[in-house]
Amino acid sequence: MLRCRQNAYEVFVRGYASVAGKPSRLRGAKGTFLGLEHFIQSKRALSLWREIVRALNKIPPSSTKSELRKFARDEFERNRHVSDITHIRYLISTGKTEFDSMKRYIEEQAL
């Protein structure tokens, strides 16, 4: 009886684990899965992008606003397929530094 229950449980677990869900969006350029560190860095990059957009939304519509947004978007798009963790960390760090200087400019424009 115990053996029968154990087999039924194994079949249930195996069946449940093999059900295909949505495909992962965390794939590298060559279709390989990305690891935890890539996941963390992609979330940091997304967080930086959102912070930039929120800051840009504070300034009134102007050519400066559209130029800053275009510059930020182009930088993110240009480095979209970088997969080296060290280089990603460097880009995020550099992006935060550039954003801090841009943020000071935005605060001056908002006043």
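Residues numbered from 1 in each chain as written. Predicted model: local features only at pLDDT ≥ 70, side-chain atom pairs only at ≥ 80, totals over all residues. Heavy atoms only, no water.

Undergrad: Break down the overall build of the protein chain for me, with residues and values.
TA: Helix and strand counts for the protein chain come out as four helices and zero strands. Along its sequence from the N terminus, the protein chain presents helices and strands in the succession α-α-α-α. Per-residue burial for the protein chain yields a buried fraction of 17% across its 111 residues. Within the structure as shown, the protein chain displays about 9,100 Å² of accessible surface, and the carbon and sulfur contribution to it stands at 57%. (Helix = DSSP H or I, 4+ residues; strand = E, 2+ residues; numbered from the N terminus. Buried < 20%, exposed > 50% of the residue type's maximum accessible area, 1.4 Å probe, protein only. Areas by Shrake-Rupley, 256 points an atom, 1.4 Å probe, with all protein chains shown as cover.)

Undergrad: Describe the confidence of the model for the protein chain, with residues and values.
TA: Summary statistics for the protein chain give a mean pLDDT of 79 and a share of 68% for residues scoring 70 or more. Predicted confidence in the protein chain is weakest over helix H1 (residues 2–17), with a mean pLDDT of 54, and strongest over helix H2 (residues 36–56), with 92. (pLDDT = per-residue confidence, 0-100.)

Undergrad: If you had to explain the environment of Ile59 to someone new, which residues and values would you point to?
TA: One can find Ile59 in the loop between H2 and helix H3 (63–78). Ile59 sits 49 residues away from Glu108 along the chain, and the two C-alpha atoms are 9.4 Å apart.

Undergrad: I'd like to hear about the nonpolar core, residue by residue, with values.
TA: Leu48, Trp49, Ile52, Val53, Ala55, Leu56, Ile59, Leu68, Ala72, Phe99, Met102 and Ile106 together form the largest nonpolar core, which totals twelve residues. Sorting the residues of this core by element identifies H2, H3 and helix H4 (85–110) as the ones contributing at least two each. The biggest single contributor to this core is H2, with six residues. Not counting residues within four places of it along the chain, the set of residues in contact with Ile52 comprises Ala72, Phe76, Phe99 and Met102. (Core = buried A, V, L, I, M, F, W, Y, C linked by side-chain atoms within 4.5 Å. Contact = heavy atoms within 4.5 Å.)

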